[in-house]
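The chain contents come next:
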Amino acid sequence: MATLAATGPAPAIAATGLRKAYGKQVVLDGIDLTVAAGTVFALLGPNGAGKTTTVRILATLLAADGGEARVCGHDLAREPGAVRAGIGVTGQFSAVDDLLSGRENLILMADLHHLGRREGRRRAADLLDRFDLTESGDRMTATYSGGMRRRLDLAMTLVGDPRVIFLDEPTAGLDPRSRRTMWRIVRDLVGGGVTVFLTTQYLEEADQLADRIAVLDQGKVVAEGTADELKRRIPGGHVRLRFADAAGLQAAARALAGASRDDEALALLVPTDGGVRSLKALLDRLDEASIVVEDLSVHTPDLDDVFLALTGPGNERGPGNERKDRAR
Amino acid sequence: MTALSDAVVDSATMLRRNLRRMLRYPSMTLLLAGIPVVILLLFVYVFGGTLGAGLGAPGGGRGAYVDYVTPGILMMTVAAVVQGTAISVAMDMTRGIIARFRTMAISRASVLIGHVLGSLIQAVLSMGVVLGVALLIGFRPNADAVEWVAATGLLVMVALALIWLAVALGLASESVETASNLPQPLVFLPFFGSGFVPTESMPTGLRWFAEYQPFTPVIETLRGLLLGTPIGNSAILAVAWCAGIALVGFVWAMALFSREPRA
């Protein structure tokens, strides 16, 4: 039935020109995405960029106003049932039944996948074990911590052995330890051959997990590539030096060519790769010129920089960056 | 498996889920079943002596009033249970789990059918409790087996109709609070019908409403089946009302449920 002229293995997700608007407010303005099977794809963007809407469309929860998409080889609009049979979704908001225990939640999923009583129980026990929930498996999930709920949520998604898994901000609101546990779980999943489509606000998370990253801003994909490719487009980090008086700033600005001044804050921004060697060289140079620095901070690129660089009018260390520093 | 047997299996799964939830959160069930019992006791023991005398029945008094009021209290019981239906449907819709169900390859209607069957079981049990209390305090029906079956059938029909309406109200509600308030008038409807006093005793405008509202033919039919009073065309009207309400509730609920979820 499928008559795609594509060569090579079919992508797990292929979307072209997806659009969605609520009234006059355009949420998705024609986005194209291709996710190869067995890879992790991260959709990176700030609040309101359209990440969740994208997931909801690809997961058959919302109909797109325009464009088309195939997930697991099936057309979203024409065969939503076949798409649903192949996907698993873990949304931003916990999708567990509060009044059931962890085990009962998993068995509920097994029953809905028609796995049979024995197989359902076996799989529930397996997943509880795998997600470190065996001890609390028979407690009502209303008593679970945020990290436990998130793990159960993902475990429920896995009951039906989905081939494509959507994770909408899987680590939002989790403490660092739970976040790392979640990352390990995602890596294990991909090791098992499934495709993961995740959204995140954290550059680090995309960097840690994703084979490819798309940056979404105001409903448009503004950049796409591997983590390294994107980083090359981000302005480098810088060292921020603050001085006690204008004279110090003046002297330092003379000694360090290529730095940009912020007279108001008596600060100097010096581009750097953030490495210890270049930091030492910078300090040595200040020492040689006998310049006293009041305060020093190393600024590494973060998501803000990605956005300012990719969406702002300037590039390199543009005005956006300075504005941000001054605001601190 | 065919689509139909899938729907049956999934509905059974959803029913198990809802029954389990009711057991885990029994306070709502008990509270909703408790209200009609309290009203029954209140009307029989506080007002019953006087109201019973006013009925003009031979033997009059409290005993006659228990017989008179029990069918109306049974209607009130159904109304109280469906208030719980609307609340639990609305609660489900505001939770993330509904999005999970929507992204699974399951029969969509099963989510609602699970609620409907769960509420129906709840309604039958609650009516059983109310009937038990009524019998204890002197309700003396003279129905034969066939009449009991017919009365039970009618009560189940009413329950199904109001439950589907409540499911739609629960889906239409933006919040759980709204869902809890919307079906509230149903609980009071037996008062503005022949549930507590004969409609002939009411002023003209109210009497007109009382005679033509849906609960009155149902109550009159129940009275006829259980106590042998004349039924007339009430039975047909009762069945027609039930079918109409069930149809509206069902179509409305399915339309609301298949509507795109609010983002």
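Our structure is the block above this text.
Calculation notes
- Here the residue numbering is sequential within each chain, running from 1 through the sequence in written order.
- Each chain gets a letter, beginning with A, and each ligand a number, beginning with 1, in the order they are written.
- Local features in this predicted model are restricted to residues whose pLDDT is 70 or higher, and side-chain atom pairs enter the listing and the counts only when it is 80 or higher, whereas totals over whole chains, interfaces and linings include all residues.
- In computing side-chain values, all of the structure's heavy atoms are included and hydrogens and water are not.
- Numbering of helices and strands runs from the N terminus; a helix is a DSSP stretch of H or I covering at least four residues, while a strand is a stretch of E covering at least two.
- We take the radius of gyration over the C-alpha atoms and set the globule estimate at 2.2 Å times the residue count to the 0.38 power.
- Only protein chains enter the accessibility calculation, which uses a 1.4 Å probe. A residue is then buried if its area is under 20% of the maximum for its type, exposed if over 50%, and partly exposed in between.
- In short, Shrake-Rupley with a 1.4 Å probe defines the accessible areas, and a residue's cover is counted only from the protein chains shown.
- In this tally Asp and Glu are treated as negative and Lys and Arg as positive; neither His nor the chain ends contributes.
- For charged residues, the charge sits on one atom: NZ in Lys, CZ in Arg, CG in Asp, CD in Glu.
- By definition, residues are in contact when any of their heavy atoms lie within 4.5 Å.
- Once two parts are joined, some of their accessible surface, as seen by a 1.4 Å probe, is lost; buried area is that loss totalled over both.
- Any Lys or Arg side-chain nitrogen located within 4 Å of an Asp or Glu carboxyl oxygen qualifies as a salt bridge.
- Definition of a polar contact: a pair of N or O atoms within 3.5 Å, with one able to donate and the other able to accept a hydrogen when the atoms are protein atoms, and with sequence-neighbouring residues admitted only if both atoms are side-chain atoms.
- Every angle, taken between N-to-C directions, lies between 0 and 180 degrees, and every axis is a line fitted to C-alpha atoms, over only the stretch in contact when it is a helix.
- To sort the angles, those under 35 degrees are grouped as roughly parallel, those over 145 as roughly antiparallel, those from 65 to 115 as roughly perpendicular, and the leftovers as oblique.
- By definition, any crossing whose near helix is turned counterclockwise from its far helix by less than a right angle is left-handed, and any crossing with a clockwise turn is right-handed.
- Three classes are used, and their members are as follows: Ala, Val, Leu, Ile, Met, Phe, Trp, Tyr, Cys and Pro are nonpolar, Asp, Glu, Lys and Arg are charged, and the others, Gly among them, are polar.
- Residues enter patches when their relative accessible area tops 30% and they take part in no salt bridge; the joining distance is 9 Å for like charges and 5 Å for the nonpolar side chains Val, Leu, Ile, Met, Phe, Trp and Tyr.
- Strands are treated as partners if at least two bridges between them are detected by DSSP.

Draft legend 1. Looking closely at the overall build of chain B. Within chain B, the regular secondary structure consists of eleven helices and zero strands. Along its sequence from the N terminus, chain B presents helices and strands in the succession α-α-α-α-α-α-α-α-α-α-α. Taken over the C-alpha trace, chain B has a radius of gyration of 19 Å; the compact-globule value for 263 residues is 18 Å, and the two agree within 12%. Judged by the C-alpha coordinates and their principal axes, chain B covers about 65 × 35 × 35 Å. Within chain B, the proportion of its 263 residues that are buried is 51%. Accessible surface, chain B: about 11,400 Å² in total, of which carbon and sulfur atoms supply 72%. One finds the centroid of the 15 positive side-chain charges in chain B at a distance of 11 Å from the centroid of its 12 negative side-chain charges.

Draft legend 2. Geometry of the interface of chain A and chain B. Taken together, the contact pairs 34 residues of chain A with 28 residues of chain B. Summing both partners gives a buried area of about 2,500 Å² for chain A against chain B, and 60% of it is carried by carbon and sulfur. Across the contact surface, chain A and chain B share six salt bridges. The residue E104 of chain A makes a salt bridge to R20 of chain B at a minimum N-O spacing of 3.5 Å. The interface formed by chain A and chain B contains eleven residue pairs in polar contact (both at pLDDT 80 or more). Those elements that provide at least two residues to the side of chain A that touches chain B are β1 (13–22), α2 (80–86), β6 (87–90), α3 (102–112) and α5 (146–158) of chain A.

Draft legend 3. Structural detail: the environment of A255 of chain B. Structurally, A255 of chain B is set in helix α11 (residues 234–258). Separated by 87 residues in sequence, A255 of chain B and A168 of chain B have C-alpha atoms that sit 8.9 Å apart.

Draft legend 4. Seen up close, the side chain of S110 of chain B. Here S110 of chain B shows up in helix α5 (residues 109–136). Residue classification places S110 of chain B among the buried residues on the basis of a relative accessible area of 0%.

Draft legend 5. Representation of the packing of α5 of chain A against helix α6 (residues 176–191) of chain A within the structure. Residue and element names in this part refer to chain A. Relative orientation of the contacting elements α5 and α6 amounts to 15 degrees, with a least axis distance of 10 Å. Comparing the axis directions of α5 and α6 gives the class roughly parallel. Where α5 crosses over α6, the two elements pack in a sense that is right-handed. Listed contacts from α6 to G147, R150, R151, L154 and L158 of α5 are S178, T181, M182, I185 and L189. Across the contact of α5 with α6, the residue classes break down as five nonpolar, three polar and two charged.

Draft legend 6. Molecular detail of a nonpolar patch on the surface. Residue and element names in this part refer to chain B. A contiguous nonpolar patch, built from F188, F192, L206, W208, F209 and Y212 and spanning about 650 Å² of accessible area, is present on the exposed surface. No other element matches the four residues that helix α9 (residues 204–212) contributes to the nonpolar patch. For F188, the position within the fold is in helix α8 (residues 184–188).

Draft legend 7. Molecular detail of the packing of α3 of chain A against α5 of chain A. Residue and element names in this part refer to chain A. The N-to-C vectors of α3 and α5 enclose an angle of 25 degrees; their axes lie 9 Å apart at closest approach. Considering the angle they form, α3 stands roughly parallel to α5. In this structure, the crossing between α3 and α5 has a hand that is right-handed. Residue-level inspection shows G102, N105, L106 and M109 of α3 in contact with α5, the latter providing L152, A155 and M156. By residue class, the composition of the contact of α3 with α5 is five nonpolar, two polar and no charged.

Draft legend 8. Local environment of the sheet that holds strand β12 (residues 260–262) of chain A. Residue and element names in this part refer to chain A. Judged by pairing direction, the sheet is antiparallel, and its four strands sit side by side in the order β12-β13-β11-β14 without closing on themselves. Two strands in the sheet have a free side with no partner beyond their single neighbour: β12 and β14 (295–299). When the angles between neighbouring strand axes are averaged without regard to direction, this sheet yields 20 degrees. In this sheet, strand β13 (residues 267–272) lies alongside β12 in antiparallel orientation, the contact comprising three bridges. The partner of R261 across the bridge, within β13, is L268. Relative to strand β11 (residues 237–242), helix α10 (residues 276–288) is tilted by about 30 degrees, and along the sheet it contacts β11, β13 and β14.

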